[in-house]
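# Topology and contacts: notes
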Amino acid sequence: MPVPILAQAPYLIASVQSALTDADLVDLQDNLLREAQRRRSQGVVVDVTALDVMDSFSTRTLQSLAAMLQLRGVEMVIVGIQPGVALAMVQLGLTMLGVRTALDLEEGLVYLQAGSQGRADRGQ
Amino acid sequence: VTPTTKVKPRVSSEGSSTAISAGTLKDELVARLRRDRPVLLKEWVQAMAADDGLWMGATTPEQELDSEAIYDACVDCLDNGSYAAAEAYADRMAQRAVLGVMQYERVLSGMLTLRDAFWHSMSRHYLTEPDRLAGALKAFEPVANKILLIVAMAFNSERERVVLRQQEAIRELSTPVLKVRDQLLILPVIGLIDSERALQLTEQLLSSIREYRARAVVMDVTGVAAIDSKVANHLIQTVDAARLLGTTVIVTGISAAIALTIVTIGVDLSRIQTVGDLQGGIDLADRLLGYGAMAKVSDPGPIVPSTAV
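So, how was this worked out
- Residues numbered from 1 in each chain as written.
- Chains lettered and ligands numbered in written order.
- Predicted model: local features only at pLDDT ≥ 70, side-chain atom pairs only at ≥ 80, totals over all residues.
- Heavy atoms only, no water.
- Helix = DSSP H or I, 4+ residues; strand = E, 2+ residues; numbered from the N terminus.
- Buried < 20%, exposed > 50% of the residue type's maximum accessible area, 1.4 Å probe, protein only.
- Contact = heavy atoms within 4.5 Å.
- Pairing = 2+ DSSP bridges.
- Axes fitted to C-alpha atoms, helices over the stretch in contact; angles between N-to-C directions.
- Expected span 1.5 Å × (residues − 1).
- Core = buried A, V, L, I, M, F, W, Y, C linked by side-chain atoms within 4.5 Å.
- pLDDT = per-residue confidence, 0-100.
- Phe/Tyr/Trp six-rings, centres within 6.5 Å; stacked < 30°, edge-to-face > 60°.
- Lys NZ or Arg CZ within 6 Å of the ring centre and 35° of its normal.

### Examining the overall build of chain A
Along the backbone of chain A there are four helices and five strands. Each helix and strand of chain A, ordered N terminal to C terminal, gives the series β-β-α-β-α-β-α-β-α. Across the 124 residues of chain A, 49% fall into the buried class. For chain A, contacts bridging at least 24 residues in sequence account for 68% of all contacts bridging at least 6.

### Concerning the sheet that holds strand 1 (residues 178–181) of chain B
All names here are of chain B. The five strands lie next to each other as 1-2-3-4-5, forming an open sheet whose pairing is mixed. Bordering the open sheet on either side are strand 1 and strand 5 (273–275), each of which pairs with just one other strand. Going across the sheet, the axis of each strand differs from the next one's by a mean of 30 degrees, ignoring polarity. Where strand 2 (residues 184–190) meets strand 3 (residues 216–223), six bridges bridge the pair, whose relative direction is parallel. Paired with L187 across the strands is M219, a residue of strand 3. Against the sheet, helix 7 (residues 195–212) makes contact with strand 1, strand 2 and strand 3, and its axis sits at roughly 165 degrees relative to strand 2, the strand it touches most.

### Points about helix 5 (residues 104–125) of chain B
For helix 5 of chain B, with 22 residues, the first-to-last C-alpha span of 32 Å sits near the 32 Å given by 1.5 Å per residue. The complete set of buried residues in helix 5 of chain B reads R106, V107, G110, M111, T113, L114, A117, F118, S121, M122 and S123 of chain B.

### Quick look at the environment of L137 of chain B
Residue and element names in this part refer to chain B. Summarising the element assignment, L137 is placed in helix 6 (residues 130–173). The exposure class assigned to L137 is buried, which follows from its relative accessible area of 18%. Considered as a pair, L137 and M122 are 15 residues apart in the sequence and their alpha carbons are 8.1 Å apart. Leaving out residues up to four positions away in the same chain, L137 has contacts with W119, M122 and P142.

### Some points on the nonpolar core
Counting 63 residues, the largest nonpolar core has V46, M76 and I81 of chain A together with I209 of chain B as the members making the most contacts within it. By residue number, the principal contributor to this core is helix 8 (residues 229–244) of chain B, which donates eight residues. When residues no more than four places from it in sequence are discounted, the contact partners of M76 of chain A are V44, V46, L62, L65, A66, L69 and R100 of chain A. The next biggest cluster of nonpolar side chains, apart from the first, holds 41 residues, and it includes C77, M93, V107 and A144 of chain B.

### Remarks on the confidence of the model for chain B
Residues and elements named next belong to chain B. Summing up the model confidence of chain B, the mean pLDDT is 78 and the portion of residues at 70 or higher is 81%. Least confident of the elements in chain B is helix 4 (residues 84–98), whose mean pLDDT is 78; most confident is strand 4 (residues 248–252), at 93. Contacts from residues 1–18, a stretch scored under 50 in pLDDT, to residues over four places away or in other chains number 21 contacts. Confidence over residues 293–306 falls short of pLDDT 50; this stretch has seven contacts with residues more than four positions distant or in other chains.

### Focus: the packing of aromatic side chains
Residue and element names in this part refer to chain B. In this structure the tally under the stated criterion is two aromatic pairs over all chains. With a centroid separation of 5.3 Å and 70 degrees between ring planes, the pair formed by Y71 and F118 is classed as edge-to-face. Of this pair, Y71 sits in helix 3 (residues 60–80) while F118 sits in helix 5, placing them 47 residues apart in sequence. Between the aromatic rings of F118 and F140, the centroid separation amounts to 5.8 Å while the plane-to-plane angle is 85 degrees, which identifies the pairing as edge-to-face. Of the two residues, F118 is situated in helix 5 and F140 in helix 6; the sequence distance between them amounts to 22 residues. Judged by its relative accessible area of 4%, F118 falls in the buried class. F140 sits in the buried class, given a relative accessible area of 4%. Cluster of aromatic residues (ring-pair linked, three or more members): Y71, F118 and F140. Taking the ring centre of Y83 as reference, the NZ or CZ of K146 above it sits at 4.6 Å.

Here is the structure:
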């Protein structure tokens, strides 16, 4: 099942709805890169709230996607990793170093809006 | 105590008139122990009273009830070879013992005294018949041993149960996750960290991060007695897992001695942000969260409609 990509002002939101096959992941990678280029996006949020499993392939794909987007000056945030998934990933050694993560979509967008200095005010 | 099964091996003495059948001897013994019950019970209770008393602190009716029940349970075991009732009774006794009514040593010595009482009664009765005495002892000894074993095991397993319960309680107590202000949690870690506890700690922290929507966590390890490479790896895992949820973890309270150990054994903690003490950790977290030097806890100011979403 392909992942829908929503455009929200200068950002793209890829909302994963169900478990992804390896082919789906590669498609997601291609589509996001293409869309980001076409729409001249500043940031990408990948929402994985619905995922119960993150294996080494998906982790690596997302990690390289972040690196690719970074090369085009687009910042990527992964949001909504479930606590259990995070625990399992860490135990497997998949720590996704170098990829920005946030609790949920809202936090991810707040982070992107605050700019890439890594400083995120909540707008108050 | 009601015997569950009444299977008395009735061995007829037709086979040989001279040899004494073990079954007959046992039946004879059981019958006599039942008949002499008042006398033996009294003897037993007196022997125990001389020996500091099994039921110190218990009332007299309680003592009588208990001693009668134990006596009957033992005779039943000898009679029908079924130990279920004795096991159940021993478990109950062990539960009371752990509550402090009875003491393990006293109960065991009480059982030994009962065994002596039976033994004395037998030796008195078979004074002139050493063959029969030997036969009766042969029937009696294994049962007595088994009963003692049951009592000991009942106490042992009850104690283990209590220890497990307490460990559970300590574990529950020792990992509180506290919210200090919006988006900031404190996790004081106290005591020993083993794999199981580290896992539980991580799970609890992750679910708290979700619940409070925390963006920073200060993990204070002042109360951790020792950190070896295993514990350090647990800490790193916890920090990494929290990071996957988008939360920054700051570790504070690593004492000079622990810092020395960590550097000496060559654990790389450079992936973790560390600050000397809890206060410094909270200051750093405040800066990360964008609270100014004057924390806006008391006055959140006018709420500006967020344009975030």
